[in-house]
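Structure assessment
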Amino acid sequence: MQTPDKLQNEIDIAYMKIALEEARLAEAQGEVPIGACVVYDGRVIARDHNRRETDKSPCAHAEFLAMQKAAQVLERWRLTGCTVYVTLEPCLMCAGLMINSRVDRCVYGSFDPKGGALGTLYALQNDERLNHDFEVVSGVMDDQCSSILKEFFSRRRKERKQAKAAGTFSKPQIEEIDELRQARAQINHIDQELFSLLAQRLEASNEVVQYKIEHNLDILDTSREEEKLKWAESLSSDQEIQHLYCEFMQDLMDISKTYQSNIRRK
C-alpha cells in the first residue's frame, strides 16, 4: 500500500507532465519553454505556456496566464483549493499573484537561481509579513524541466552565432511585428467566437437530451452526426480546408456525445 506522500508525489508528477506539454508548445512557438497548469478538485481547469513574445506582454508568464484562466473558469478571483504546477520556479510577479489569489499549493520543477521567488532568492510562500501562506513543493521532474530550458538556450545561442557568421542575423522589423500582432489578435477573436458557439451548442444539446430522456428516446443519433460530416465536406473544394472543417466538426461532435452520455448516466 502506498504512503500518502508517495501517492501525492505520483499525482504531482502526472500534473507536471501536463505542464511540460505546455512548455513544449511554447518551444514550438519560439518562446522560452515554460508551461503551467492549475488543478482544482482533482482536475485540470486551466493550462498555458509562456507567451511573452507572442503577446508582447511582460505579464504573459505561463503560470500567470494559467491562473487568469482558472479564475475565469471558477468565476472568482480567489483560487482557494487550487494547486499551480509550473516547470520553472515562479518569479516575484507570479509568486505575488499566488499570494493575492490565495492558492493552496505551488509545485514547480526547475529552480531559478536568477529570479526564483519560492525558495531560491526569496521565500514569499511563508513570509510572515504577507497576508497569505501556501505550500510549495520544488524539484518535481527537475531534470526534464531543466533540460528543455538548457537545450532551448543552447540551440538559440548556436543559431544566433551561425546567423552572425553568415551575415544573416537581423532583428524583426516593426512592420513584421505589427503584422504578427494583428494576426494573433484575429486568431484570439476567432477563438472567442468558437468557444461562444460551442457553449451555445452544449446548452442546446442539453435541452434536446433532457427532452429525449423525459420521452424515453434514443439520445445519440449516429446518422445525423454522419450528415454533419458530409455537410462539412461540402463546404469547400479545397481538400486541406475540407479536412480542417471535418476535424473541427468531429471535435464538436465528440464533445457533444461525451456530454450527452454523461447526462444520461446521471
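Described below are features of the structure shown in this document. (Residues numbered from 1 in each chain as written. Predicted model: local features only at pLDDT ≥ 70, side-chain atom pairs only at ≥ 80, totals over all residues. Heavy atoms only, no water.)

1. A look at the sheet that holds strand S5 (residues 135-137)
Taken together, the five strands give an open sheet; going across it, the order is S2-S1-S3-S4-S5, and neighbouring strands pair in mixed fashion. Whereas interior strands pair on both sides, the edge strands pair on one side only; in this sheet they are strand S2 (43-49) and S5. With strand direction ignored, the average angle separating the axes of adjacent strands in the sheet is 15 degrees. The pairing of strand S4 (residues 105-110) with S5 spans three bridges and is parallel. The residue of S5 that forms the bridge with Arg 105 is Glu 135. Against the sheet, helix H1 (residues 4-28) makes contact with strand S1 (35-40), S2, strand S3 (82-88), S4 and S5, and its axis sits at roughly 55 degrees relative to S3, the strand it touches most. (Pairing = 2+ DSSP bridges. Helix = DSSP H or I, 4+ residues; strand = E, 2+ residues; numbered from the N terminus. Axes fitted to C-alpha atoms, helices over the stretch in contact; angles between N-to-C directions. Contact = heavy atoms within 4.5 Å.)

2. Topic: helix H3 (residues 62-74)
Over its 13 residues, H3 runs 18 Å from end to end, which matches the ideal 18 Å to within 8%, given 1.5 Å per residue. Those residues of H3 that are buried are in contact with S1, S2, S3 and helix H4 (92-101). Positive phi shows up at Glu 75, right after H3, with a value of about 60 degrees. (Expected span 1.5 Å × (residues − 1).)

3. Some words on a nonpolar patch on the surface
Taken together, the side chains of Ile 190, Leu 194, Leu 197 and Phe 248 make up a nonpolar region of the molecular surface, amounting to roughly 330 Å² of accessible area. Considering each element in turn, the nonpolar patch owes the most residues, three residues, to helix H6 (residues 174-214). With a relative accessible area of 38%, Ile 190 lands in the partly exposed category. (Patch = residues over 30% accessible without salt bridge, like charges linked within 9 Å, V, L, I, M, F, W, Y side chains within 5 Å. Areas by Shrake-Rupley, 256 points an atom, 1.4 Å probe, with all protein chains shown as cover. Salt bridge = Lys/Arg side-chain N within 4 Å of Asp/Glu carboxyl O. Buried < 20%, exposed > 50% of the residue type's maximum accessible area, 1.4 Å probe, protein only.)

4. Overview of the packing of aromatic side chains
Tallied over the full model, the rule gives three aromatic pairs. When the centroid spacing of 5.7 Å and the interplanar angle of 85 degrees are considered together, the rings of Tyr 108 and Phe 111 count as edge-to-face. Residue classification places Phe 111 among the partly exposed positions, given a relative accessible area of 40%. Arranged with centres 5.3 Å apart and planes meeting at 80 degrees, the rings of Phe 152 and Phe 153 form a pair that is edge-to-face. Given the relative accessible area of 33%, Phe 153 is considered partly exposed. (Phe/Tyr/Trp six-rings, centres within 6.5 Å; stacked < 30°, edge-to-face > 60°.)

5. A few points about unusual backbone geometry
Peptide bonds are trans in most cases, and residues, glycine excluded, mostly fall at negative phi. Phi is positive for Lys 56, which is not a glycine, with a value near 55 degrees. Examined against the element boundaries, Lys 56 turns out to sit in the loop between helix H2 (52-55) and H3. With a phi angle near 55 degrees, Met 141 is a residue other than glycine that sits in the positive phi range. With respect to the helices, strands and loops of the structure, Met 141 is situated in the loop between S5 and helix H5 (142-166).

6. Some thoughts on the side chain of Glu 22
With respect to the helices, strands and loops of the structure, Glu 22 is situated in helix H1. In this structure the side chain of Glu 22 is engaged in a polar contact, spanning 2.8 Å, whose partner is the side chain of His 49. Glu 22 has contacts with Ile 34, Gly 35, Ala 36, Arg 47, Asp 48 and His 49, leaving out every residue within four places of it along the chain. (Polar contact = N/O pair within 3.5 Å; in protein donor to acceptor, adjacent residues only side chain to side chain.)

7. Structural notes on H4
Every α-helix winds through 3.6 residues per turn, so residues three or four apart in the chain are directed the same way. If you check which residues of H4 are buried, you get Cys 94, Ala 95, Gly 96, Met 98, Ile 99 and Ser 101. Tucked into the core, H4 has its buried residues touching H3, S3 and S4. Once H4 finishes, Arg 102 follows within two positions and takes phi at roughly 65 degrees, a positive value.

8. Quick look at the pairing of S1
Of all the six residues making up S1, five are buried; the element is thus mostly covered by neighbouring parts of the structure. As paired strands, S1 and S2 are joined by six bridges and run antiparallel to one another. From the neighbouring strand, Gly 35 faces S2, where its bridge partner is His 49. Following S1, the chain reverses through two residues before pairing antiparallel with S2; Asp 41 in that reversal takes a positive phi of roughly 55 degrees. Sheet topology note: the S1/S3 ladder contains five bridges and is antiparallel. Residue pairing for S3: Val 39 is matched across the bridge by Thr 83.

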